[in-house]
Every structure is written in C-alpha cells, then in structure tokens.
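Observations on the model geometry
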Amino acid sequence: HFILFRMITCDLTGCVTSAESVLITLQSHEELLKVLRNNKENATEQKVVVVSVSPQSRASLAAYFDLSSSETGRRLTSFFKGLGVHHVFETSFSRTFSLLESQREFVERFQRKEQDSNRLPMLTSACPGWICYAEKTHGEFILPYISTTRSPQAMMGSLVKGYFAEQQGLSPQQIYHVAVMPCFDKKLEASRSDFYLEKDETREVDCVITSGEVQKMLEEKNVSLNDVEPAPLDTLFSSVSGGEFLSHAGSGSGGYLHHVFTYAAKQLFGEEVKDLTYKILRNNDFQEVTLEKDGVVLLNFASTYGFRNIQNLVQKLKRGKSPYHFVEVMACPSGCLNGGGQVKPKPGQSPKELLQKVEELYKAERPLSPEDDTRVAELYQSWLHSVGEERAKELLHTHYHPVEKMKNGLIMKW
Ligand code: SF4
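This one's a predicted model, so the numbers in the text were calculated from it and none came from an experiment.

Conventions used here
Residues numbered from 1 in each chain as written. Predicted model: local features only at pLDDT ≥ 70, side-chain atom pairs only at ≥ 80, totals over all residues. Heavy atoms only, no water. Helix = DSSP H or I, 4+ residues; strand = E, 2+ residues; numbered from the N terminus. Rg over C-alpha atoms; globule rule 2.2 N^0.38 Å. Contact = heavy atoms within 4.5 Å. Areas by Shrake-Rupley, 256 points an atom, 1.4 Å probe, with all protein chains shown as cover. Lys, Arg positive; Asp, Glu negative; His and termini not counted. Charge placed at Lys NZ, Arg CZ, Asp CG, Glu CD. Phe/Tyr/Trp six-rings, centres within 6.5 Å; stacked < 30°, edge-to-face > 60°. Buried < 20%, exposed > 50% of the residue type's maximum accessible area, 1.4 Å probe, protein only. Lys NZ or Arg CZ within 6 Å of the ring centre and 35° of its normal. Core = buried A, V, L, I, M, F, W, Y, C linked by side-chain atoms within 4.5 Å. 1 Å grid on protein atoms, 1.4 Å probe; cavity = no way out; pocket = protein on both sides within 12 Å on 5 of 7 lines; lining within 4 Å. Points joined across faces, edges and corners; volume = space filled by probe spheres on them. Nonpolar A, V, L, I, M, F, W, Y, C, P; charged D, E, K, R; others polar. Pairing = 2+ DSSP bridges. Right-handed = clockwise from strand over helix to strand, strands pointing away. Salt bridge = Lys/Arg side-chain N within 4 Å of Asp/Glu carboxyl O. Axes fitted to C-alpha atoms, helices over the stretch in contact; angles between N-to-C directions. UniProt positions renumbered as here; feature names shortened; annotations may be inferred. Domains from an automatic or database assignment. Buried area = accessible area lost by both parts, 1.4 Å probe. Polar contact = N/O pair within 3.5 Å; in protein donor to acceptor, adjacent residues only side chain to side chain.

1. Describing the overall build of the protein
Within the protein, the regular secondary structure consists of 15 helices and 13 strands. For 414 residues, the compact-globule formula gives about 22 Å, and the C-alpha radius of gyration of the protein, at 21 Å, lands near that figure. C-alpha atoms of the protein, sized along the principal axes, occupy 65 × 50 × 50 Å. Considering only intrachain contacts with a sequence separation of at least 6, the fraction spanning at least 24 residues in the protein is 76%. Accessible surface, the protein: about 18,400 Å² in total, of which carbon and sulfur atoms supply 50%. Side chains of the protein carry 47 positive and 52 negative charges; the gap between the two charge centres is 5 Å.

What follows is the structure, given as structure tokens:
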C-alpha cells in the first residue's frame, strides 16, 4: 500500500487518512474482475457493467502500444467487452458538459464580481488532488473561489446512473460503473459523499482504475492491444450507433482555460479569439493568457500546475495580490497526461520522451468546441430540462467541505 499511496498526488499535502486509504484500496481492477465473475456465476445478482474511459488514459495506453488514441479506444472497447463489460463510453463526452458549465459559471461570477469579492479568480475543480489539498489545507478561505462545476468523471457519474439508467429502464444500483483515469486521486473523488446516491444506496462511479491498472489487466490476461480486433465505441444514446472519439482544444488537462477564455471573450467583450497566446511565467507549469484592448487588460487567465506553483498562487490570493480572473489548477506537474496512474516509461525511455509522445497522441484527435456538440445540447434540452432546475444543478455541480485538521493518529504522514 505504501507504493500506492506514494503515487497519490494528495500525499503531497502531507496526509492521506486511513479512512481514505481504505476507500482507495476498495477500488481496483480486481474489484471489476470480481463483479464480472459474479455476473457469470450468479444468475440472480447481475450487474450491468459500464466502463467510461478518459482520453488521457487512451493516450497513455496508445503510447505504450504504438497505436493512435482512437484505435486504442476501439481496441479497449473490444477487450473490455470480451471480459463481459456491457457498455464502454468516453469521458470527453461528459467533459463537454463540464466545459459548458464552467464557461457559464465563470461569466456569471465575472458579472457579479463587484457584489461579491471572493468570486474571482474562479479556480477549476476537475483535479481531485488539488481539491483534496484545498479542503485540508486552506479550507474556508479558498473554497469559495473553486468552481462548483463537476469534473468530467463526476459528470459521467450523473449521466450513467441518471440519464443512461433511465433510458435502459434500470435502477442506478443495477449498474456497476467503472472509470478509467490517469490518477489515483480520482478514486478519492469517486468515494466522496457528494457523489453517493443516498436513495439508491449506490455511488455514481463505483470503481476507478488507472491507465496503469488497465495495462496490468491486459498483462494478466496475456493480451496485447496490438492483437485485439477493434470494436466501435458505444454511445449513451440508443438511437446513435458508434460513438466518435473527440477531443477538446487547449491543455491535456481538459482545456478549461482555453474554452472558458474564448467563451468569456465573446460573451463579455464581443471578442472572437481563435488562437490563445500563452506566456510562460516562472516555468512551463505556470502560464498566463490575457485579453487586451486599447492597452487595458480585460481578461487575465493562468494555468498553474504542480504543488509548488499552486502554493504560490494561494499565497498570492491570501495577500490579495492575485491578478487573475480564472486559473486552471492541476496538481500534477505537466497536468493530467502526466498523472501518477499513467503507464510508466518503457526501459530506456525517459519520462520526458514518454510525455511528449502521449501529448502528441492526445492532440492528434479531432477537437470539437463544446458549444458545437449537438448531442450535448440535445441532452440539455431533453433530460436536464425535464428534471427541473434544482435537480439539473445537482447533476452538474457539487460542493466542497473544509476539513478540520485531525489531531489523532488517523493521519498517515509520508
Ligand atoms: S492533475 Fe490530473 S492526473 Fe494529476 S491529480 Fe489532478 S486530475 Fe489527477
């Protein structure tokens, strides 16, 4: 377990509680295999198994097997289905919801910034390593700045146990939902009480496995993705067959800065921005993008990756010296493509070489602007409209909780 914990970015905050460590170890590829075995052996307690794969994990496995990201996605679909998984989805679809909600949330915060001083900068919320650190270390002070928009994984939880379950005539509990992600921190995110459905006694994401764990599963089954026949990706819509692998422009961590910036420039100042110019500040993991008109800075955005840069940002905020309106915050240096759960370099390959390859594969997919995704627009119209405003907000947003510093022996220091 020691090795596992060392791979969790959250440990950089100084602690992983023993309660959290149990939650993490409960989620593993062995758990998924157990559910699949049970489905074969026990006719009465069948679960519909759904696997949602992140684009960062596809890129990581693609680099390992020398395939394109899309081809990796199709072969993974085939591999999982061969094991007994019923549906395989893509989380770039749910990320579109996350990006759209972030755009709206930012514009709304910006317009009300005069009334409420701690609404800006809006800090992104998709990284559980960062959220864990913020809740444990800076609690009450920092949480109001963090966007309430759910991460792509948590959005997928809503979609699978909400929309999809309904379409299939299933209760959320009848579905076992697995997410394939680039880091261990996502296991902590899945086990948050905010993503537990009390009434149905089930989590929206039951189990998270990392890209590295998928590679291990393949090894244990003696399967190379190079020898697997590709299969079409499923879609959440019964009327559409063969999902498409899509990407979003901007960073490999979801492109939050890119999409919120272009949307805000248009909505707030009528400026059409096609290409963003990133200015490197202290290092590659701290960059800035500005929108200027007649010498006046209208928008000032930044991306801040890795704990050194994050600590710097928080200190600036505490001193009232942050010049930013929006910050894409990610706990891992270089962001999600470099997550602690990604496939490790091959012998003789440097981590830098590997990361470069993963980035190229990730960026090679066709980017689609969130505003242009008609399938998502359709779901806003049909599903979210029908559940009512209050429920729609719950399905797309979340809450944060300051964590009191624990004084007893429950904390493990690394
Ligand atoms: S930066 Fe990405 S990979 Fe790293 S902890 Fe955060 S969400 Fe996970």
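After that view, the rundown keeps rolling.
2. Looking at the packing of aromatic side chains
Counted by the stated rule, this structure contains 16 aromatic pairs. On the basis of an interplanar angle of 80° and a centroid distance of 5.2 Å, the ring pair of F89 and F164 is categorised as edge-to-face. With F89 in strand β3 (residues 87-90) and F164 in helix α8 (residues 152-168), this pair connects stretches of sequence that are 75 residues apart. The exposure class of F89 is buried, given its relative accessible area of 2%. Among the aromatic residues, those joined into a cluster by ring pairs are F106, F110, F261, F269, F301 and F326. Sitting over the ring of Y380, R104 keeps its end group 4.7 Å from the ring centre. The ring of Y64 has K346 lying over it, and the distance from NZ or CZ to the ring centre is 5.0 Å.

3. Topic: the nonpolar core
With 46 residues, the main nonpolar core has F106, L123, W130, I142, I146 and L299 as its most contacted residues. For this core, the secondary-structure elements that each account for two or more residues are α6 (91-111), β4 (122-123), α7 (128-142), α11 (256-269), β10 (286-293), β11 (296-305), α12 (307-318) and β12 (326-330). Residue contributions to this core peak at seven residues, all from α11. The contact partners of I142, leaving out residues within four places of it in the chain, are L123, W130, A134, V314 and L317.

4. Structural notes on the layout of surface pockets
Of the voids in this model, the largest pocket is the one considered here, and its volume is about 950 Å³. In terms of lining, the largest pocket is formed by 43 residues, of which the most central are K393, E394, L395, L396 and H397. Looking at the lining of the largest pocket, the elements with two or more residues in it are α6, α8, β6 (196-197), α14 (374-387) and α15 (389-396). Among the residues making up the lining of the largest pocket, the classes are represented as 18 nonpolar, seven polar and 18 charged.

5. Here we look at the side chain of E189
Note on placement: E189 falls in helix α9 (residues 185-190). Judged by its relative accessible area of 5%, E189 falls in the buried class.

6. Concerning the pairing of β11
Where burial is concerned, most of β11 is hidden: eight out of the ten residues are buried. Relative to β11, β10 runs antiparallel, the two being bridged by eight bridges. Its bridge partner being in β11, V289 is matched across the sheet by F301. Once β10 ends, the chain turns through two residues before running back antiparallel as β11, passing D294 with a positive phi of about 50°. In the sheet, β11 pairs with β12 via five bridges, with the strands oriented parallel. Paired with T304 across the strands is V329, a residue of β12. Note on the crossover from β11 through α12 to β12: the handedness is right-handed.

7. Concerning the pattern of salt bridges
A complete count under the given rule lists 21 salt bridges for this structure. The shortest N-O distance in the salt bridge between E90 and R58 comes to 2.9 Å. Separated by 32 residues along the polypeptide, E90 in strand β3 and R58 in helix α4 (residues 55-65) bring together distant segments of the chain. Considered together, E90 and R58 belong to a single accessibility category, that of buried residues. In this structure, a network of salt bridges that share partners links the residues R58, E90 and E365.

8. Describing the sheet that holds β4
Read across the sheet, five strands follow the order β4-β12-β11-β10-β9 without closing on themselves; strand pairing throughout is mixed. In the strand order of this sheet, the two ends are held by β4 and β9 (279-280), each with one partner. Strands in contact with α11 are β10, β11 and β12; relative to β11, the strand with the most contacts, it is inclined by about 165°.

9. Considering the UniProt feature "domain: Iron hydrogenase small subunit" (unreviewed entry) in the protein
This chain's UniProt record puts "domain: Iron hydrogenase small subunit" (unreviewed entry) on residues 348-404. Structurally, residues 348-404 comprises 61% helix and 0% strand, and the distance from its first C-alpha atom to its last is 45 Å.

10. Observations concerning empty space enclosed by the protein
Enumeration according to the criterion identifies three cavities of 30 Å³ or more in this entry. Put simply, the second largest cavity is a space of about 130 Å³. Residue lining of the second largest cavity: 15 residues in total, with Q56, P152, M181, K186 and C336 positioned closest to the centre. Considered class by class, the residues forming the lining of the second largest cavity number eight nonpolar, five polar and two charged. Split by domain, the lining of the second largest cavity shows at least three residues from each of two domains, domain 1 (16-93 + 152-246 + 370-396) and domain 2 (95-149 + 249-340).

11. What about the domain arrangement of the protein?
Here the domain parsing of the protein yields domain 1 (16-93 + 152-246 + 370-396) and domain 2 (95-149 + 249-340). Put simply, the middle of domain 1 and the middle of domain 2, counted by C-alpha atoms, are 27 Å apart. Ranking the residues of domain 1 by area buried against domain 2 places Q56, P370 and Y380 at the top, with a combined share of 26%. For the pair domain 1 and domain 2, the number of links is one salt bridge. A salt bridge links E135 to R192; the nearest nitrogen and oxygen atoms lie 2.8 Å apart. Our count for the domain 1 to domain 2 interface comes out at nine residue pairs in polar contact (both at pLDDT 80 or more). Contributions of two or more residues to the side of domain 1 that touches domain 2 are made by β1 (16-17), α4, α6, α8, α9 and α14. The biggest single contributor to the side of domain 1 that touches domain 2 is α14, with four residues. A breakdown of the residues in the side of domain 1 that touches domain 2 according to their chemical character gives 16 nonpolar, four polar and seven charged.

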